[in-house]
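Each chain, written out:
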Amino acid sequence: MSFNSCDMAVDLGTANTRVYVGGRGIVVNEPSVVAINTHTGGIVAVGSEARDMIGRARSNIVAVRPLKDGVIADLEISGWMLRYFILKVRKRRWEARPRIVVCVPSCVTGVERRAVVEAATQAGARQVHLIEEPIAAAIGAGLPVHEATGNMVVDIGGGTTEVAVISFGDIITAQSIRVAGDELDDTIAQHIKKEYHLLIGEHTAEHLKVTVGSAVRELGPDEYIEIRGRDLITGLPRMTAVSTIKIRKAIEEPVNAIVDSVKNILYTCPPELSGDIIDRGIVLTGGGALLHGLNERLRHETGMPVHIADEPLTAAALGAGRCVEEFGALRRVLSRRIRT
Ligand code: ADP
Ligand code: MG
C-alpha cells in the first residue's frame, strides 16, 4: 500500500516528542512540555521554549509535562500538545489528510488511547494507528520483530522503563515500571538536598546524571563536581562541590529496580524464546540506555549479550516512522486502526 508524502508518525514520549514525516524522516524533536498561563488557562509555549521556562518563568506560568509518569497525567494538555506538534508539521492544510501512527507507552489505558486518537483526528488525521513503544523501539533498533524468534528490548525513557520480549510482531511478555530517567534525576536532587542542604533544579539533576551518573560502582579516587542551587537553610544561592561516588551510590536503588525488571522478564520468558535471547542478546533503547555502565551492568547480571541501539533516543520514532513508510508490511504490529 502506498503512503501520502504527508503521512507521519509521532513518538509521544514522556520526556520528548518526535515527529517523523514519510519520505523526510524526523522533523520535530522537542521536549514534551507545555507552558500554561494559570490566570487565563491558555497555552504560552510548547516544546523547547516551554522547557526553558521550567523553574524560570513568572509565577503565573507553569510548565507541565503532561505525560510525566508514563501515564497521560493530563489528558487535555496531552491532546493540545499532540495537536500542536502535528499542526506544526502539517502547515499546508489543503494537502490530503494524513495517516498518523502514534507511539504511546504500553501502559496507557483505553481512555487515554481514545484521547490520543481524538487529538490526532482533530489535528486532521484521516486514520490514526497506535503502536506500543517497545515494538516501535525494537523496529527502530533494526530487530526482526516479525520473525519467529525472540527479540528482547529494554526501552528506558523519562517516565517508564519498558521491558519486552517480542516475537511474530507481538509482545509475548512485558513489564513496564515507572522507574526511568526522571526517577534517577529526582533521586539525585533528594540526595543533594539531604547531604548538602542544597535545593537544585531538574536540569541540574539531569546534568549530574548524564555527566557523572553510573550504573556500576567504580573503584578509584573520588572526584568532586561543582554545582549551584539554593541553600535550604539560608535560602540564598550557593555553590558546592559534590562527590561523584556518593551520587552513584544514591542512584543505586532505581538502577537496581531497572536491572530487576529485566531479570523478571527473563524469568518469565518461554524457554524457546530464552534460547533466542542467549544468541541475539538484549537491545537497549531510549535515553536511559546511555546511562554510563548500564549495558555492562546488565551483561554482568544476566549473562546475556547487551547492545545499545545505534540511535537510542530516536529508535521509537524511527520504528513508528518505518510503519508509515512500509505500512502494508508492518500493519500487523499496529494495535488498532481507526478511520475518521
Ligand atoms: P521518552 O521516550 O520517555 O520521551 P527518551 O527516550 O527521550 O524518553 O529519554 C529521555 C531520558 O533519557 C531523560 O530522562 C534523559 O535524562 C535521559 N538521558 C538522555 N541522555 C542520557 C545519557 N547520556 N545518560 C543518561 N540518561 C540520559
Ligand atoms: Mg520513548
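Asks: In this structure, what is going on with the environment of Val 102? I would like to understand it.
Replies: Structurally, Val 102 is set in strand β7 (residues 99–104). Here Val 102 falls in the buried class, since its relative accessible area comes to 0%. The spatial distance from the C-alpha of Val 102 to the C-alpha of Met 8 is 8.6 Å, given a sequence separation of 94 residues. Those residues in contact with Val 102 that sit more than four places away from it in its chain are Val 10, Leu 12, Val 116, Val 128, His 129, Leu 130 and Ile 131.

Asks: Quick question: what am I supposed to make of the site of ligand 1 here?
Replies: Taken together, 18 residues form the shell around ligand 1, and within it Thr 14, Ala 15, Asn 16, Glu 206 and Lys 209 come nearest. Note that an oxygen atom of ligand 1 is positioned 3.4 Å from one of the side-chain N or O atoms of Glu 133. In isolation ligand 1 has 580 Å² of accessible area, and contact with the protein removes 90% of it. If you list the elements that add at least two residues to the shell around ligand 1, you get β2 (16–21) and α6 (202–212). When its residues are assigned to classes, the shell around ligand 1 shows five nonpolar, nine polar and four charged.

Asks: Before we go on, may I ask you to explain the packing of aromatic side chains in this structure?
Replies: How two aromatic rings sit relative to each other is given by the distance of their centres and the angle of their planes. Tallying each qualifying case throughout the model produces one aromatic pair. Centre to centre, the rings of Tyr 84 and Phe 85 are 5.4 Å apart; their planes meet at 75 degrees, and the pair counts as edge-to-face. The cationic tip of Arg 99 hangs over the ring face of Phe 327; the distance from NZ or CZ to the ring centre is 4.0 Å.

Asks: What is the right way to read the side chain of Ser 261 from this model?
Replies: Mapped onto the fold, Ser 261 is located in helix α8 (residues 252–268). Under the relative-accessibility criterion, Ser 261 is labelled buried at 2%. Ignoring anything within four residues of it in the chain, the contact list for Ser 261 reads Thr 161, Val 163, Gln 175 and Ile 177.

Asks: Explain the state of the cysteines to me, please; I cannot follow it from the model alone.
Replies: Formally, a disulfide is one covalent bond, and it connects the sulfur atom of one cysteine to the sulfur atom of another. Enumeration according to the criterion identifies zero disulfides in this entry. This cysteine, Cys 107, is not joined by any disulfide, and Cys 103 carries the nearest cysteine sulfur, 12 Å off.

Asks: Any chance you could explain the confidence of the model for the protein chain here in plain terms?
Replies: Should pLDDT be low for a region, the predicted coordinates there are not to be read in detail. Confidence along the protein chain averages 91 in pLDDT terms, with 94% of residues attaining 70 or more. Counting contacts from residues 336–340, a segment whose pLDDT is below 50, to residues more than four positions away or on other chains yields 19 contacts.

Asks: Where do I start with the packing of helix α2 (residues 75–89) against helix α3 (residues 110–122) in this structure?
Replies: When two helices pack together, their arrangement is given by the angle between the helix axes and by the axis-to-axis distance. Following both chains from N to C, one finds α2 and α3 inclined at 35 degrees, their axes separated by 8 Å at the closest point. The interaxial crossing formed by α2 with α3 has right-handed handedness. The residues of α3 that touch α2, namely those facing Leu 75, Gly 79, Leu 82, Arg 83 and Ile 86, are Val 111, Glu 112, Ala 115, Val 116, Ala 119, Ala 120 and Gln 122.

Asks: What's the story with the sheet that holds strand β6 (residues 61–64) in this structure? I'm lost.
Replies: Strands pair in a sheet through their backbones, by hydrogen bonds, and they do so in one of two ways: parallel or antiparallel. With antiparallel pairing, the three strands of this open sheet are ordered in space as β5-β4-β6. Pairing within the sheet leaves two strands with one partner each, and these edge strands are β5 (43–46) and β6. Across the sheet, the mean angle from the axis of one strand to that of its neighbour is 20 degrees, orientation sign disregarded. As paired strands, strand β4 (residues 34–37) and β5 are joined by three bridges and run antiparallel to one another. Across the sheet, Ala 35 pairs through a bridge with Ala 45, a residue of β5.

Asks: I'm lost on unusual backbone geometry in this one. Help?
Replies: As a rule of thumb, non-glycine residues mostly have phi less than zero, and peptide bonds are mostly trans rather than cis. The phi torsion at Phe 168 lies on the positive side, around 55 degrees, for a residue other than glycine. In this fold, Phe 168 is placed in the loop between β10 (161–167) and β11 (170–177). Residue class for Phe 168 comes out partly exposed when judged on its relative accessible area of 47%. Of note, the phi angle at His 197 is positive, near 50 degrees, even though the residue is not glycine.

Asks: What should I look at first to understand the pairing of strand β3 (residues 25–31) in this one?
Replies: In the case of a regular strand, side chains alternate between the two sheet surfaces. Where β2 and β3 come together, six bridges link them in antiparallel fashion. Looking at the pairing, Val 19 lines up with Val 28 of β3. Remark: three residues form the turn of the hairpin made by β2 and β3, two consecutive strands paired antiparallel; Gly 23 in that turn has positive phi of roughly 80 degrees.

Asks: How should I be thinking about α8 in this particular structure?
Replies: Residue pairs three or four apart in sequence face the same way in an α-helix, which turns once every 3.6 residues. Its 17 residues give α8 an end-to-end C-alpha distance of 24 Å, which sits within 8% of 24 Å, the value for a rise of 1.5 Å per residue. All of the buried residues along α8 are Pro 254, Val 255, Ile 258, Val 259, Ser 261, Val 262, Lys 263 and Ile 265.

Asks: How should I be thinking about α2 in this particular structure?
Replies: Counted at 1.5 Å a residue, the expected span for α2 with its 15 residues is 21 Å, and the 22 Å between its end C-alpha atoms agrees. Taken together, the buried positions of α2 are occupied by Ile 77, Ser 78, Gly 79, Met 81, Leu 82, Phe 85, Ile 86 and Val 89.

Asks: Looking at this model, I keep getting lost on the sheet that holds strand β12 (residues 198–199). Mind explaining?
Replies: Spatially, three strands are ordered β12-β13-β14 in an open sheet, and the strand pairing comes out antiparallel. Unpaired on one side and paired on the other, β12 and β14 (237–243) mark the two borders of the sheet. When β12 meets strand β13 (residues 224–231), the two strands line up antiparallel, connected through two bridges. Within β13, the position partnered with Leu 199 by the bridge is Arg 230. Helix α5 (residues 181–196) rests against β12, β13 and β14 of the sheet, and its axis sits at about 100 degrees to β14. Along the sheet, α6 makes contact with β13 and β14, crossing β13 at roughly 170 degrees.

Conventions used here
- Residues numbered from 1 in each chain as written.
- Chains lettered and ligands numbered in written order.
- Predicted model: local features only at pLDDT ≥ 70, side-chain atom pairs only at ≥ 80, totals over all residues.
- Heavy atoms only, no water.
- Helix = DSSP H or I, 4+ residues; strand = E, 2+ residues; numbered from the N terminus.
- Buried < 20%, exposed > 50% of the residue type's maximum accessible area, 1.4 Å probe, protein only.
- Contact = heavy atoms within 4.5 Å.
- Near = heavy atom within 4 Å.
- Polar contact = N/O pair within 3.5 Å; in protein donor to acceptor, adjacent residues only side chain to side chain.
- Areas by Shrake-Rupley, 256 points an atom, 1.4 Å probe, with all protein chains shown as cover.
- Nonpolar A, V, L, I, M, F, W, Y, C, P; charged D, E, K, R; others polar.
- Phe/Tyr/Trp six-rings, centres within 6.5 Å; stacked < 30°, edge-to-face > 60°.
- Lys NZ or Arg CZ within 6 Å of the ring centre and 35° of its normal.
- Disulfide = S-S within 2.5 Å.
- pLDDT = per-residue confidence, 0-100.
- Axes fitted to C-alpha atoms, helices over the stretch in contact; angles between N-to-C directions.
- Left-handed = near helix turned anticlockwise from the far one by under 90°.
- Pairing = 2+ DSSP bridges.
- Expected span 1.5 Å × (residues − 1).

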